[in-house]
Every structure is written in C-alpha cells, then in structure tokens.
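Letter by letter, the chains look like this.
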Amino acid sequence: MVAVLVLLAGCAGPDFRRGGPPPFVVGTAGPDRAALARWSDFPAGRHPRPVVLLGDPASAGAGFTDGAAKQAFAAKRFSVTAALPAGSATATVALPDGPAELGVIGAAAAVAALARPLAGSADPVLVLDQVRYAPATFPTDRGPLALPAWQFSGPGVLGAIAWPAVDPAALWRPGENPDAGTTAVIAGDDRTLTVALLTPAGGACPGSPVVAFTAEAVASPAAVAVGLRAAGTGSVVPGPTRDDCASDDVLRYAQHTLVLDAPLGGRVVLGPDGAVIAVRRA
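### Considerations on the environment of P200
Structurally, P200 can be placed in strand β9 (residues 192-200). On the basis of relative accessible area, P200 is assigned to the buried category, the value being 9%. Between the alpha carbons of P200 and L228 there is a distance of 10.0 Å; along the sequence they are 28 residues apart.

Here is the structure:
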C-alpha cells in the first residue's frame, strides 16, 4: 500500500533549494515521547494482558444497505427490538499471551455500551431486530483477534454489527486507542522490530539538500514509541533548481528496522503521532 501526501510547506521558509537547511518535514520529529506518559499505567506484564482494541470497538460487518443506515451506525443510533439474552458467565479466549478465562457480559450490557441515546438528534435510526452470541474478529495491537461477541443484525445491515462480549475489565480503554494505520513485525528475538512508517522522499527536488531519515525508539515499561528523525547529509540533489519542488515532497510507506532496548514483551508500540501500531510476530 502506498500513501502519497503533498507536503504543502515543502517550499516555504528558508530557500533550501539553494543550499539552505533541510526543510521541516511532517512526521520526522522523532518518537512521540508524550505518548509514553499516556500509557504509563498500562500493565504490559500482566496475564492475561488487557486486550488493546484499535479504533471503534463496534465491527460494522459487511456494510449497510444505504447511506441512512451507515449514518445511523456512525452516530450509534439504534433501535434494538430483539430480545436480549444474558449469555454465559465466562468464556475461554485464546489471547496473544495465552488462553484465559474471561468474564462475559449480557446482550443488554453490550447494547448499553454500543448505542447512544436516541433523544435530541434528527439523525436516522438503525433497527436491530436480531441478536446472536458468536465469535467475531476485532483489530488489536497484536493483530486481528477472535473474541466472543454479541452480533446484531437488521434490515439495514449487511451481515451483523458486532460488539465484544468480554467483560470491559479485560479490555484497555476501548474506543480510546487510535489505529496508526500501519503494521510492524517483531522478530523471534523479541527485540528486532521492523515497522512501516510514512517516509518523505528526502530531497527529490533538484537543487535541494539530500535528507536522511533514521528510525528511532524511546521506551518505557509499558510502551515503545517509534518515529523518524530527519537530518541533512551535506549533499545536494543534482539538477537545475525548480519552483514547483513541493510536488516532489511526498510520503510513502517504507520499512525501517531497529533494535529495542529490551524484549518487547507485552508493551504497546506507538507511532510518530502516538497512535497504536499493530504488531505481529515473525
């Protein structure tokens, strides 16, 4: 996957086309150290380790029949007419750090967590007239994970809307963990991390300084934050200078490998903007 973003500030500030300092480049200020503080209370060494769901915990299934249904889902406005079973008390779940017996919530508790109040809004309402208890796959910081789930369906839903049926105590701040939209791989030594990061062209415009980008990591007992650091190399891209150099300053995903200070273990990996990067094992 390639993401291309024009850096509008590429030609602003110092005249780097004529030998000035390297331009400010978005996303190359190094790791987000402040993000480590936000994760300082995450119990990375606990078993079972809390499940870190990424983005919206509600899975939208296969989509919706029309725009109104999609809008209702986005606003979490549901009219649930199905009977709401209590479900089982516990379930054995295969977590990344091993199997664990987790508490299970009833369908009514799932609806309470999933839906927002209907009053005071003119947004469409999505009718959910069927519910079943079945596993569903959710994105987590350790990749896709199958969890017990309450699955709700209705005339406006293609497939079903799933909400995790596990006790909220087993989840780490669901709905508050933004997905970085990229992935990383941890090697068998549990220290060598290869991560895909948006990386600028680094001086593609003729006449501009060549900029090198180095991956860095800062760590705490709970998390590892990774990012890129930009530095001039002392050389200049050959060719005549141009005034439209911003068209060459683009970001593309590139693989960067670095060695962590200690084994990753249960620590969360954070991207340059503090969002969570999904990690899989090699």
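### Here's the deal with the packing of aromatic side chains
All told, the structure shown has five aromatic pairs when counted by the stated rule. Aromatic side chains F73 and F78 sit 6.4 Å apart centroid to centroid with 55° between the ring planes, which places their arrangement in the tilted category. Take F73 and F78: they sit in the same class, and that class is buried. When the ring of Y133 is compared with that of W150, the centres are 5.0 Å apart and the planes differ by 55°; the resulting orientation is tilted.

### A closer look at the sheet that holds strand β5 (residues 130-140)
Strands in a sheet are paired, the pairing made by backbone hydrogen bonds, and the direction either parallel or antiparallel. In space, the three strands of this open sheet follow the order β5-β6-β7, with antiparallel pairing throughout. One side of each edge strand has no neighbouring strand; the edge strands of this open sheet are β5 and β7 (161-164). Pairwise comparison of adjacent strand axes, ignoring direction, gives a mean angle of 45° for this sheet. Examined bridge by bridge, strand β6 (residues 143-153) and β7 share four bridges and lie antiparallel to one another. Of the residues in β7, the one forming a bridge with F152 is I161.

### Regarding the confidence of the model for the protein
Model confidence for the protein is summarised by a mean pLDDT of 85, while 82% of its residues fall at 70 or above. Looking at the elements of the protein, mean pLDDT is at its lowest for strand β11 (residues 223-236), recorded as 82, and at its highest for strand β13 (residues 268-270), recorded as 98. Confidence drops under pLDDT 50 across residues 1-24; counting only partners more than four residues distant or on other chains, this segment forms 51 contacts.

Analysis parameters
Residues numbered from 1 in each chain as written. Predicted model: local features only at pLDDT ≥ 70, side-chain atom pairs only at ≥ 80, totals over all residues. Heavy atoms only, no water. Helix = DSSP H or I, 4+ residues; strand = E, 2+ residues; numbered from the N terminus. Buried < 20%, exposed > 50% of the residue type's maximum accessible area, 1.4 Å probe, protein only. Phe/Tyr/Trp six-rings, centres within 6.5 Å; stacked < 30°, edge-to-face > 60°. Pairing = 2+ DSSP bridges. Axes fitted to C-alpha atoms, helices over the stretch in contact; angles between N-to-C directions. pLDDT = per-residue confidence, 0-100. Contact = heavy atoms within 4.5 Å.

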